Amino acid sequence: MNTTKSFEISKQVVLEAYKRVKANRGAAGVDGESIAGFERHLKGNLYKVWNRLSSGSYFPPPVKQVEIPKKSGGHRCLGVPTVSDRIAQMVVKLYLEPLIEPHFHPDSYGYRPHQSAKAAVGVTRQRCWQYDWVVEFDIKGAFDHIDHTLLMKAVRHHVKEAWMLLYIERWLTAPFETEGGQLIPRDKGTPQGGVISPLLMNLFMHYAFDRWMERTHPHCPFARYADDAVVHCQTRAEAERLLEAIGNRLQDCLLTMHPDKSKVIYCKDSRRRQDYPQAQFTFLGFTFRPRVAVSRAGKRFTSFLPAVSVEAMKRMRQAIKGWHLNRQTFATLERLARQYNPILRGWWNYYGCFYKTEMRPLMDYLNQRLATWARRKYKKLLGRRQRSFQWLGRVAKRQPQLFYHWQMTGYNDRIMGAV
């Protein structure tokens, strides 16, 4: 019996791909199979993925189309592959990423090992102190409009393995399947939600933008997170020319710059006193604008600094509201802390990194919701608002480590100050 496979793919890599997909969780695809369902016949299902990939007979199923609301209004289409397909994509990613990752620009921060959105915000803050002007631009539906021919040209530049090229092309053209079962063909784009899509997006933007910037505007540093980027310039004229040049470059790459969300911004502070209508921008959940700062000598001045954006604050506030703490009177305060501290820690560790005082209104709001919970739970003892805040303040003083935001400097005092 001939057991030779067309392509040499390690079973250990398939197993590692499964572990990573499981860790990332995710919804079921068009076949309705969850990760738990896949695991009922784990050995056989993993063998099936490996066997088909190795023989060249793997054909991806349609991608489940899911519409989610966009922050700016309207809807964004996500593509949810099946569990098996996510594992197959992860296999290719595990082979592909080491080939192309070393070629990426150091200021590409999105979906990369050892890079992060927080790092992109940090380097942008420093450069706003060094450069007076910023170009902010937005690409209309970047994931949905990537040209397949240009993308595959970039892939072939780095990848010579026939099996990877074969499956990447198949994933790019796998149709969407709507909720009603309709199949929608695709001749461009790489679905948001696919395991391999962020890597392909980075590769496309590496040639469409990063390398182009190095070649044509080497003195204008940038930070890019997938399709979201800002560029720094010394003068207004340079920034305006660059904004137009970026628009033309994206058009050459068959992408479209959003005219309303792309602009030039002046980094106004105590030293920069020009009048310019745009003096703030939002990048990765932080709004950069003139803010009060204090020097080491204790002198107040205006600096151009990032802080959590209004939109991010609204989303977090809505999340807290959605916890319905007032309905959880069956729970103890300790149980609530265990349940929500991981979320609070994540919020604080990201949005609290820069100008953390802007996070205080959100933490005050959470304390108000906890006080309302206490009034509902202990109606006879804490019938009045003032008593519930006093009780919460005593708990915070006695157990300052209970809730994550109570551990931050001054928050115990803020509970009592809200009385």
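Further up the page is the structure itself.
Caption draft 1: Local environment of the nonpolar core. Core analysis: the largest hydrophobic core is formed by 71 residues, its most contacted members being Ile87, Phe209, Val231 and Ile246. In this structure Val231 touches Trp133, Val134, Val135, Phe137, Phe209, Met213, Cys220, Pro221, Phe222, Leu242 and Ile246, once residues within four positions along its chain are discounted.

Caption draft 2: Region of interest: the sheet that holds strand 10 (residues 286–294). Sheet architecture is open: three strands sit in the order 9-10-11, paired in antiparallel fashion. At either end of the open sheet lies a strand with only one pairing partner, and these are strand 9 (281–283) and strand 11 (300–308). Going across the sheet, the axis of each strand differs from the next one's by a mean of 50 degrees, ignoring polarity. Relative to strand 10, strand 9 runs antiparallel, the two sharing three bridges. Its bridge partner lying in strand 10, Phe283 is registered against Phe286.

Caption draft 3: Highlighting helix 1 (residues 11–24). Compared with an ideal rise of 1.5 Å per residue, which puts 14 residues at 20 Å, helix 1 spans 20 Å between its outermost C-alpha atoms and is within 8% of the ideal. For helix 1, the complete set of buried residues consists of Val13, Val14, Ala17, Tyr18 and Val21. All buried residues of helix 1 fall inside an arc of 145 degrees around its axis, so they share one side. Residues of helix 1 that are exposed and point over 90 degrees away from its buried face: Gln12 and Ala23.

Caption draft 4: Region of interest: the side chain of Asp107. For Asp107, the position within the fold is in the loop between helix 4 (83–100) and helix 5 (117–130). Asp107 has contacts with Val123, Arg127, Phe222, Ala223 and Arg224, leaving out every residue within four places of it along the chain.

Caption draft 5: Representation of the packing of helix 1 against helix 3 (residues 42–55) within the structure. It is at 10 Å that the axes of helix 1 and helix 3 come closest, and there the two elements cross at 120 degrees. As summarised for this structure, helix 1 and helix 3 are arranged oblique, according to the angle between their axes. Here helix 1 and helix 3 pass one another in a crossing that is right-handed. Residues Lys11, Val14, Leu15 and Tyr18 of helix 1 touch helix 3, and the partners they reach there are Leu42, Leu46, Tyr47, Val49 and Trp50. Across the contact of helix 1 with helix 3, the residue classes tally to eight nonpolar, no polar and one charged.

Caption draft 6: A look at the packing of aromatic side chains. Within the structure shown, the criterion is met by 24 aromatic pairs. Pairing Tyr18 with Phe38 gives two aromatic rings, centres 6.5 Å apart and planes at 25 degrees, and the pair type is stacked. Taken as a pair, Tyr18 in helix 1 and Phe38 in helix 2 (residues 35–39) lie far apart in primary sequence, 20 residues in all. Of the residues examined, Tyr18 reaches a relative accessible area of 9% and is grouped as buried. Summarising the aromatic geometry, the rings of Tyr47 and Trp50 are spaced 5.5 Å apart at their centres and angled 45 degrees between planes, so their arrangement reads as tilted. With Tyr47 and Trp50 both in helix 3 and three residues apart, the pair spans about one turn of that helix. Using a relative accessible area of 43% as the deciding quantity, one classes Tyr47 as partly exposed. With relative accessibility at 13%, the residue Trp50 sits in the buried group. Put simply, the rings of Tyr58, Tyr95, Trp163, Tyr167 and Trp171 pair up and form one aromatic cluster.

Caption draft 7: Main features of the sheet that holds strand 3 (residues 133–138). Read from one edge of the open sheet, four strands run 6-7-3-8, paired in antiparallel fashion. Single-partner strands in this sheet number two, and they are strand 6 (222–225) and strand 8 (263–266). Across this sheet, the average inter-strand angle for adjacent strands is 20 degrees, counted without regard to direction. Relative to strand 6, helix 5 is tilted by about 160 degrees, and along the sheet it contacts strand 3, strand 6 and strand 7 (228–233).

Caption draft 8: Inspection of unusual backbone geometry at higher detail. For Arg25, which is not glycine, the phi torsion reads 60 degrees and is therefore positive. Its place among the elements puts Arg25 in the loop between helix 1 and helix 2. When its relative accessible area of 66% is taken as the criterion, Arg25 is described as exposed. Here His324, not a glycine, exhibits a phi torsion of approximately 50 degrees, which is positive. Checked against the element boundaries, His324 lands in the loop between helix 11 (310–322) and helix 12 (333–351).

Caption draft 9: Examining the pattern of salt bridges more closely. Overall, the coordinates contain 12 salt bridges when judged by the stated rule. Among the salt bridges present, the one from Glu101 reaches Arg112, with a minimum N-O distance of 2.5 Å. Of this pair, Glu101 sits in the loop between helix 4 and helix 5 while Arg112 is found in the loop between helix 4 and helix 5, placing the two residues 11 residues apart along the sequence. With a relative accessible area of 11%, Arg112 lands in the buried category. Here the salt bridges do not stand alone but share partners, grouping Asp132, Asp269, Arg271 and Arg272 into one network.

Caption draft 10: Region of the structure containing the pairing of strand 3. Burial of strand 3 is extensive: five of the six residues sit out of reach of the surface. Strand direction decides the pairing type here: strand 3 and strand 7, joined by six bridges, are antiparallel. Bridged to Trp133 within strand 7 is Cys233. Bridge analysis of strand 3 against strand 8 gives four bridges, and the strand direction is antiparallel. Residue pairing across strands places Trp133 opposite Tyr266, the latter belonging to strand 8.

Calculation criteria
Residues numbered from 1 in each chain as written. Predicted model: local features only at pLDDT ≥ 70, side-chain atom pairs only at ≥ 80, totals over all residues. Heavy atoms only, no water. Core = buried A, V, L, I, M, F, W, Y, C linked by side-chain atoms within 4.5 Å. Buried < 20%, exposed > 50% of the residue type's maximum accessible area, 1.4 Å probe, protein only. Contact = heavy atoms within 4.5 Å. Pairing = 2+ DSSP bridges. Helix = DSSP H or I, 4+ residues; strand = E, 2+ residues; numbered from the N terminus. Axes fitted to C-alpha atoms, helices over the stretch in contact; angles between N-to-C directions. Expected span 1.5 Å × (residues − 1). Arc of directions from axis to C-beta. Parallel < 35°, antiparallel > 145°, perpendicular 65-115°, else oblique. Left-handed = near helix turned anticlockwise from the far one by under 90°. Nonpolar A, V, L, I, M, F, W, Y, C, P; charged D, E, K, R; others polar. Phe/Tyr/Trp six-rings, centres within 6.5 Å; stacked < 30°, edge-to-face > 60°. Salt bridge = Lys/Arg side-chain N within 4 Å of Asp/Glu carboxyl O.

These figures capture arrangement, not role.
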